[in-house]
Amino acid sequence: MWITRLSADEKAYLSSQPTAQKMHEKMLKDGTYIKEGDKKAAAAFVAAREAAKAKQAGTAGDVVELSPAGKTLQASAETASATASAEAGGATAAASLDVQFLGEGASRKLRFTSAQAVHQALKDGYVELNGQQFYLSDDMKRLLSAKDKAMQQLRAGISQANMLREQAVSAQRQGESAQKAAEAQSRIMETAMRIMKGRKVSQADEKELAQASPDLYKIAKSMGAIEQQKLTRKEREEDDKLSKQHDEDREWEQSSSTIPDAKVDPVPEYAVDVDMPEAGGVDIEA
């Protein structure tokens, strides 16, 4: 903790005292400042101090008891190390499970069912099966690497094609939705104009306009009340026909999309085979 809220004269006086000056010099030389509340820095300092004490204790047989903070840091380090080792071991074990023999004798093959297993085999130069190590020749490594690359390109190509098909269908459906919305808006405006001219509209058309634009509906009804008296029989028949067409249009707009789902090709399971000589297995324990 630092001394604060002192004037310049007060600081000069205090630091001029022999005892205070020596203490100040020692703190600057040997001290370590740790911000109040910084538990991580405090724990690190304690661990370093305990390690220094252990080093000075003497022989290797001496037992040094760590402080609680030192024990906590030590346990954290051991846990992290164990986790890293387990992850590395797990990756190797998972890769070995993705390798199997096919066939017998001269026609025997090694099948790899994951890219991870192939990469592990190429890195190690061998695979472990049934308690034996089977080493891969340079030719087998080149062939295995080429087949792995081809398989991954095939799978990626099919996945890409599937994605593009799905995007195309999505764009078509969005276009269909936009078309439905545009036709509905056009019909609503047409209904408003017809009402203004006194033309007959169906209850469905009138309700649609009232819901979409209440203000426009009121204006149209007010203007159309006078014009209604001028309608001819032929015009009324045309109005009925148009109302029927509007009903059909609404039914289509509210229906589900008729655009079929995208054709999706199955992505083949990862599988790479390489010829395996009948001889060549070496017992792991040997």
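None of these values were measured; they are calculated from a predicted model. (Residues numbered from 1 in each chain as written. Predicted model: local features only at pLDDT ≥ 70, side-chain atom pairs only at ≥ 80, totals over all residues. Heavy atoms only, no water.)

Here's the deal with the overall build of the protein
Link 1 in the chain: The helix and strand inventory of the protein stands at 9 helices and 6 strands.
Link 2 in the chain: Out of the 286 residues belonging to the protein, those deemed buried represent 21%.
Link 3 in the chain: Partitioning the contacts of the protein with sequence separation of at least 6, the portion at a separation of at least 24 is 67%.
Link 4 in the chain: A total accessible area of about 20,400 Å² is found for the protein, and carbon and sulfur atoms account for 55% of it. (Helix = DSSP H or I, 4+ residues; strand = E, 2+ residues; numbered from the N terminus. Buried < 20%, exposed > 50% of the residue type's maximum accessible area, 1.4 Å probe, protein only. Contact = heavy atoms within 4.5 Å. Areas by Shrake-Rupley, 256 points an atom, 1.4 Å probe, with all protein chains shown as cover.)

Comments concerning helix 6 (residues 138–196)
Link 1 in the chain: For helix 6, spanning 59 residues, the distance from its first C-alpha to its last is 87 Å, which sits close to the expected 87 Å at 1.5 Å a residue.
Link 2 in the chain: Residue Gly 198 follows helix 6 closely and has a positive phi angle near 85 degrees. (Expected span 1.5 Å × (residues − 1).)

Some remarks on the nonpolar core
One recurring pattern in soluble globular proteins: nonpolar side chains tend to sit buried together.
Link 1 in the chain: If you look at the biggest cluster of nonpolar residues, it comprises 18 residues, and the most contacted ones within it are Val 99, Leu 110, Phe 112, Val 127 and Leu 144.
Link 2 in the chain: Taken together, the elements giving at least two residues each to this core come down to strand 2 (109–112), helix 5 (115–124), strand 3 (126–129), helix 6 and strand 5 (272–275).
Link 3 in the chain: Here the element with the most residues in this core is helix 5; it accounts for 4 residues.
Link 4 in the chain: If sequence neighbours within four positions are ignored, Val 99 has contacts with Leu 110, Arg 111, Phe 112, Ala 117, Val 127 and Leu 129.
Link 5 in the chain: One finds Ile 188, Ile 195, Val 201 and Tyr 217 within the second-largest nonpolar core, a separate group that totals 8 residues. (Core = buried A, V, L, I, M, F, W, Y, C linked by side-chain atoms within 4.5 Å.)

Concerning the side chain of Arg 199
Link 1 in the chain: By secondary structure assignment, the location of Arg 199 is in the loop between helix 6 and helix 7 (203–212).
Link 2 in the chain: Residue Arg 199 is classed as buried on the basis of its relative accessible area, which comes to 17%.
Link 3 in the chain: At 3.1 Å, the side chain of Arg 199 forms a polar contact with the side chain of Asp 239. (Polar contact = N/O pair within 3.5 Å; in protein donor to acceptor, adjacent residues only side chain to side chain.)

With respect to the confidence of the model for the protein
A low pLDDT means the predicted coordinates there should not be read in detail.
Link 1 in the chain: When pLDDT is averaged across the protein, the result is 76; 62% of the residues are at 70 or more.
Link 2 in the chain: Here residues 59–64 scores under 50 on pLDDT; set against residues more than four positions off or in separate chains, the count is 3 contacts.
Link 3 in the chain: Taken as a whole, residues 83–89 scores under 50 in pLDDT and shows 0 contacts with residues more than four places along the chain or in a different chain. (pLDDT = per-residue confidence, 0-100.)

Some remarks on the sheet that holds strand 1 (residues 99–102)
Link 1 in the chain: The 3 strands lie next to each other as 1-2-5, forming an open sheet whose pairing is antiparallel. Each having just a single partner strand, strand 1 and strand 5 make up the two edges of the open sheet. On average, each strand axis in the sheet is inclined to that of its neighbour by 30 degrees, with strand direction left out of account.
Link 2 in the chain: Across 4 bridges, strand 1 lies against strand 2 in antiparallel orientation. Looking across to strand 2, one finds that Leu 102 is bridged to Lys 109.
Link 3 in the chain: Contacts between helix 6 and the sheet are confined to strand 2 and strand 5, with strand 5 contributing the most and set at about 165 degrees to the helix. (Pairing = 2+ DSSP bridges. Axes fitted to C-alpha atoms, helices over the stretch in contact; angles between N-to-C directions.)

Structural notes on the packing of aromatic side chains
Here the distance between the centres and the angle between the planes together describe a pair of aromatic rings.
Link 1 in the chain: Within the structure shown, the criterion is met by 2 aromatic pairs.
Link 2 in the chain: Ring centres 5.0 Å apart and planes at 85 degrees place the aromatic pair Phe 101 and Phe 134 in the edge-to-face group. Of this pair, Phe 101 sits in strand 1 while Phe 134 sits in strand 4 (residues 132–135); the two residues are 33 residues apart in sequence, bridging distant segments of the chain.
Link 3 in the chain: According to the relative accessible area criterion, Phe 134 is buried, its value standing at 3%.
Link 4 in the chain: When the centroid spacing of 5.2 Å and the interplanar angle of 50 degrees are considered together, the rings of Tyr 126 and Tyr 135 count as tilted.
Link 5 in the chain: Taking relative accessible area as the criterion, Tyr 126 reaches 21% and is therefore assigned partly exposed.
Link 6 in the chain: Of the residues examined, Tyr 135 reaches a relative accessible area of 44% and is grouped as partly exposed. (Phe/Tyr/Trp six-rings, centres within 6.5 Å; stacked < 30°, edge-to-face > 60°.)

Considering empty space enclosed by the protein
Link 1 in the chain: By the definition in use, this model includes 1 cavity of 30 Å³ or more.
Link 2 in the chain: For the largest cavity, the calculated volume is near 30 Å³.
Link 3 in the chain: Together, Thr 191, Arg 194, Lys 200, Val 201, Asp 205, Asp 239, Leu 242, Ser 243 and His 246 line the largest cavity.
Link 4 in the chain: When residues of the lining of the largest cavity are traced back to their parent elements, those giving at least two are helix 6 and helix 9 (233–253).
Link 5 in the chain: It is helix 9 that contributes the most residues to the lining of the largest cavity, 4 residues altogether.
Link 6 in the chain: Considered class by class, the residues forming the lining of the largest cavity number 2 nonpolar, 3 polar and 4 charged. (1 Å grid on protein atoms, 1.4 Å probe; cavity = no way out; pocket = protein on both sides within 12 Å on 5 of 7 lines; lining within 4 Å. Points joined across faces, edges and corners; volume = space filled by probe spheres on them. Nonpolar A, V, L, I, M, F, W, Y, C, P; charged D, E, K, R; others polar.)

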